[in-house]
Amino acid sequence: EPIIVFDHVVKEFRQRGASGKGGKSTRAVDDVTLTINKGDIFGIIGYSGAGKSTLVRLINALERPTGGTVTVLGTDITTLPESKLRPIRQKIGMIFQQFNLFSTKTVAQNVAYPLQLDHWRKDYQDRRVAELLEFVGLSEHANKYPSQLSGGQKQRVGIARALATNPQILLADEATSALDPETTSEVLDLLRRVNERFGITIVLITHQMNVVQQIANRVAVMSAGRVVEGGDVYDVFAAP
Ligand code: ADP
Ligand code: ADP
């Protein structure tokens, strides 16, 4: 069952400093057609500048395509007005390479933040935060600040925060790139549990081949804005 569909998507950026007609432009995403199905762990792999971040930003409409259509959770979001994006964005969680935690908030406050934004009752927030911290194995660290945590622990807080509002899709942008190999494996194990336990579709972008091999069931290889190879992870990485 398709949950994210790109149909001949193009995203062109005007170059910095270009002005007037005929200025140079970059095709960050160049005619990409792909389908991500519900329950997939979909890896998007490619070198820096290949267009991975732009592709992911098109999924939560942080960028709008200059061509083609993007459909997320059954809604065509290509030109959907900002005011109508909220229900879609609420179903999409995101985690980042640099974790993006609030340094002045505790672990529990970081995880509660999206619930606060949605005006959930305080007793529900507390219950949900406790449940999420238990799931990511950080219950004993609830009152610590991010600076007191290891990288792997910080990313687990990021994951708990991303899950707070029960999303159907989790976007992971180089989520393990700042971590050592052992911690990377731990975080990938946690993401696998997120996928299995809650049925959340995960879109994971990375420049690390081994990350995709460890966790993804499907993969798209990007180069210069295009998907140059894609499919079942075993087929794409199979030895000839
Ligand atoms: P990263 O390599 O981690 O994606 P970048 O420095 O490339 O970091 O990008 C940081 C931000 O700047 C992003 O929001 C990206 O979309 C934007 N960006 C990247 N390249 C350009 C560019 N050539 N002109 C304008 N903005 C850019
Ligand atoms: P990746 O995530 O694979 O490193 P990006 O999607 O960040 O690739 O970038 C793809 C290309 O688009 C790069 O050439 C980058 O400089 C360019 N780019 C990304 N964002 C912007 C932007 N906001 N303005 C101009 N160019 C951009």
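Residues numbered from 1 in each chain as written. Chains lettered and ligands numbered in written order. Predicted model: local features only at pLDDT ≥ 70, side-chain atom pairs only at ≥ 80, totals over all residues. Heavy atoms only, no water.

1. Description of the overall build of the protein chain
Alright, step 1. Across its full length, the protein chain carries eight helices and 10 strands.
Alright, step 2. In terms of C-alpha radius of gyration, the protein chain reaches 18 Å, essentially the compact-globule figure of 18 Å for 240 residues.
Alright, step 3. By residue count, 47% of the 240 residues in the protein chain fall in the buried class.
Alright, step 4. Once local pairs closer than 6 in sequence are excluded, the contacts in the protein chain between residues at least 24 apart make up 69%.
Alright, step 5. Within the structure as shown, the protein chain displays about 12,200 Å² of accessible surface, and the carbon and sulfur contribution to it stands at 48%. (Helix = DSSP H or I, 4+ residues; strand = E, 2+ residues; numbered from the N terminus. Rg over C-alpha atoms; globule rule 2.2 N^0.38 Å. Buried < 20%, exposed > 50% of the residue type's maximum accessible area, 1.4 Å probe, protein only. Contact = heavy atoms within 4.5 Å. Areas by Shrake-Rupley, 256 points an atom, 1.4 Å probe, with all protein chains shown as cover.)

2. Quick look at the pattern of salt bridges
Alright, step 1. Scanning the model with the defined rule gives 13 salt bridges in all.
Alright, step 2. A salt bridge links Glu82 to Arg89, with the shortest nitrogen-to-oxygen separation between them at 3.0 Å.
Alright, step 3. Judged by its relative accessible area of 26%, Arg89 falls in the partly exposed class.
Alright, step 4. With a closest N to O distance of 2.8 Å, Arg121 and Asp123 form a salt bridge. (Salt bridge = Lys/Arg side-chain N within 4 Å of Asp/Glu carboxyl O.)

3. A closer look at the site of ligand 2
Alright, step 1. Near ligand 2 you find Phe13, Thr26, Ala28, Tyr47, Ser48, Gly49, Ala50, Gly51, Lys52, Ser53 and Thr54, and these make up its full shell.
Alright, step 2. The separation between an oxygen atom of ligand 2 and a polar main-chain atom of Gly49 is 2.6 Å.
Alright, step 3. At 2.9 Å from an oxygen atom of ligand 2 is found a side-chain nitrogen or oxygen belonging to Lys52.
Alright, step 4. With the chains in place, 63% of the 550 Å² that ligand 2 exposes on its own is no longer accessible.
Alright, step 5. Within the residue set of the shell around ligand 2, elements represented by two or more residues are β2 (25-37) and α1 (52-59).
Alright, step 6. When residues of the shell around ligand 2 are assigned to their parent elements, the largest contribution, three residues, is made by α1.
Alright, step 7. Residue composition of the shell around ligand 2, grouped by class: four nonpolar, six polar and one charged. (Near = heavy atom within 4 Å. Polar contact = N/O pair within 3.5 Å; in protein donor to acceptor, adjacent residues only side chain to side chain. Nonpolar A, V, L, I, M, F, W, Y, C, P; charged D, E, K, R; others polar.)

4. A closer look at helix α5 (residues 151-163)
Alright, step 1. A rise of 1.5 Å per residue sets the reference length of α5, with its 13 residues, at 18 Å; its end C-alpha atoms lie 19 Å apart and thus fit the reference within 8%.
Alright, step 2. For α5, the tally of buried residues reaches 10 of 13 residues, placing the bulk of the element in the interior.
Alright, step 3. For α5, every residue scored as buried is listed here: Gly152, Gln153, Gln155, Val157, Gly158, Ile159, Ala160, Arg161, Ala162 and Leu163.
Alright, step 4. Looking at the buried residues of α5, the elements they touch are β6 (92-96), α3 (107-117), α4 (122-135), β7 (169-173) and α6 (181-198). (Expected span 1.5 Å × (residues − 1).)

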